[in-house]
Amino acid sequence: SVEEVTGGTYGPLKALCEKRAAAEVDVDKFTILRPTYICGPGDHTDRFSYWPIRTRQGGEMLWPGKPQDKVQIVDVRDLANFTIDCLDQGISGTYNMVNPRGSYTLGDLLEDSRAVTTAEVSPVWVDEQFLTDQGVMGGRDMPVWHGAMGDYGFVGERARAAGFHDRPERETIRDLLTWWDTLPPERNAKPKAGLSAEREAEVIAAWKEA
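None of these values were measured; they are calculated from a predicted model. (Residues numbered from 1 in each chain as written. Predicted model: local features only at pLDDT ≥ 70, side-chain atom pairs only at ≥ 80, totals over all residues. Heavy atoms only, no water.)

**Q** Could you give an account of the nonpolar core, with specific residues and numbers?
**A** Formed by 33 residues in total, the largest nonpolar core has its most connected members in Phe48, Trp51, Leu62, Trp63, Leu109, Leu131 and Met142. No other element matches the five residues that helix H7 (residues 169-180) contributes to this core. Sequence-distant contacts of Leu131, defined by excluding residues within four places in its chain, comprise Leu62, Pro64, Gly65, Val126, Val136, Trp145 and Val203. With nine residues, the next largest nonpolar core counts Leu79, Cys86, Ile91 and Ala159 among its residues. (Core = buried A, V, L, I, M, F, W, Y, C linked by side-chain atoms within 4.5 Å. Buried < 20%, exposed > 50% of the residue type's maximum accessible area, 1.4 Å probe, protein only. Helix = DSSP H or I, 4+ residues; strand = E, 2+ residues; numbered from the N terminus. Contact = heavy atoms within 4.5 Å.)

Spelled out as structure tokens, the structure:
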């Protein structure tokens, strides 16, 4: 009976859509694609984008948890390509649209962002419990990071076996920054995800004091 899409109903409604499709359509005639964080040019959520955008600004930068914390994403263009292939080639089934499980970490994201932007940034890795105590939340203030939950465990091998290809993360970072620079200055001044510069400085200062 719920029809309003909110942060709390989005996931359950997606699951119900899948169940309804399975009940109405022969299993070999429908395709379900389950992307994790969709990123790249055109991403108006600024979630994955926050990290390379902020890295490019340089200086001290708050990074949550540990460098080995896992990140799972998919480039929007790779998702689009596979979607078209499913239609053109009649590929059916359920597929997780993600980079290889356990292959990409926050530390990798930092190094890739540094390499693409050539920025001089000093990472400050802050303990997860400390961030929680400060009211800093993973997924909202620290987008695409989920702390102790870490690796959701989404496995994309089935999609790869069906022809899905994902590009290197550095290519995604490079192209999204190129796209970001085409946006109006007033849009760039207010990213939709991540901590503000003032809040980031406050948390870093509190961490150092502690």
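**Q** Before we move on, can you summarise helix H3 (residues 76-89) with the specific residues and values?
**A** Along its 14 residues, H3 runs 20 Å from first to last C-alpha, staying within 8% of the 20 Å computed at 1.5 Å per residue. At its buried positions, H3 is contacted by strand E1 (31-35), strand E2 (37-39), strand E4 (73-75), strand E5 (93-97) and helix H6 (157-161). The opening residue of H3, the one whose side-chain oxygen lies 2.8 Å from the backbone nitrogen of Arg77, is Asp75. Two residues or fewer after H3 comes Gly90, characterised by a positive phi angle close to 65 degrees. (Expected span 1.5 Å × (residues − 1). Polar contact = N/O pair within 3.5 Å; in protein donor to acceptor, adjacent residues only side chain to side chain.)

**Q** Explain helix H9 (residues 197-209) to me, using residue names and the numbers behind them.
**A** Along its 13 residues, H9 runs 18 Å from first to last C-alpha, staying within 8% of the 18 Å computed at 1.5 Å per residue. Restricting attention to buried positions, one finds in H9 the residues Glu200, Val203 and Ile204. Viewed end-on, H9 has its buried residues packed into an arc of 100 degrees, placing them on one side of the element. Turned more than 90 degrees off the buried face of H9, the exposed positions are Glu198 and Glu209. Check the buried side of H9 and you find it contacts helix H2 (50-57), strand E3 (59-64), strand E6 (121-126) and helix H5 (128-133). (Arc of directions from axis to C-beta.)

**Q** So what's going on with unusual backbone geometry? Which residues, and what values?
**A** Not every positive phi belongs to a glycine, and Asp46 is a case in point at roughly 65 degrees. Within the element layout of this structure, Asp46 appears in the loop between E2 and H2. Residue class for Asp46 comes out buried when judged on its relative accessible area of 0%.

**Q** Describe the packing of H2 against H7, naming the residues involved and giving the relevant values.
**A** A packed helix pair is summarised by two numbers, namely the angle formed by the two axes and the spacing between the axes. Put simply, H2 and H7 touch, their axes get as near as 10 Å, and they point 75 degrees apart. The angle between H2 and H7 falls in the class roughly perpendicular. Taken together, the residues of H7 that come into contact with H2 (itself represented by Pro52, Ile53 and Arg56) are Ile173, Leu176, Leu177 and Trp180. When its residues are assigned to classes, the contact of H2 with H7 shows six nonpolar, no polar and one charged. (Axes fitted to C-alpha atoms, helices over the stretch in contact; angles between N-to-C directions. Parallel < 35°, antiparallel > 145°, perpendicular 65-115°, else oblique. Nonpolar A, V, L, I, M, F, W, Y, C, P; charged D, E, K, R; others polar.)

**Q** Please give an account of the side chain of Thr117 that cites residues and values.
**A** For Thr117, the position within the fold is in helix H4 (residues 106-117). Judged by its relative accessible area of 12%, Thr117 falls in the buried class. A polar side-chain atom of Thr117 sits 2.6 Å from the main-chain carbonyl oxygen of Ser113. Residues contacting Thr117, with those up to four places away along its chain left out, are Pro52, Thr55, Arg56 and Leu177.

**Q** Help me get a handle on the pattern of salt bridges, residues and values and all.
**A** Overall, the coordinates contain 17 salt bridges when judged by the stated rule. For Arg77, the salt bridge identified is with Asp175, shortest N-O distance 2.7 Å. You can see Arg77 sitting in helix H3 and its partner Asp175 sitting in helix H7, a full 98 residues away along the chain. Arg77 gets classed as partly exposed once you look at its relative accessible area, which sits at 23%. Residue Asp175 is classed as buried on the basis of its relative accessible area of 15%. (Salt bridge = Lys/Arg side-chain N within 4 Å of Asp/Glu carboxyl O.)

**Q** Describe the packing of aromatic side chains, and please don't skip the residues or the numbers.
**A** Scanning all chains against the criterion turns up seven aromatic pairs. Judged by centre distance (5.9 Å) and plane angle (75 degrees), the rings of Phe82 and Phe164 are edge-to-face. Here the residue Phe82 occupies a position in helix H3, and Phe164 occupies one in the loop between H6 and H7, the gap between them amounting to 82 residues. Comparing Phe82 with Phe164 shows no difference in burial state: the two are buried. Taken together through their ring pairs, the aromatic side chains of Tyr50, Trp51, Trp63 and Trp125 make up a single cluster. (Phe/Tyr/Trp six-rings, centres within 6.5 Å; stacked < 30°, edge-to-face > 60°.)

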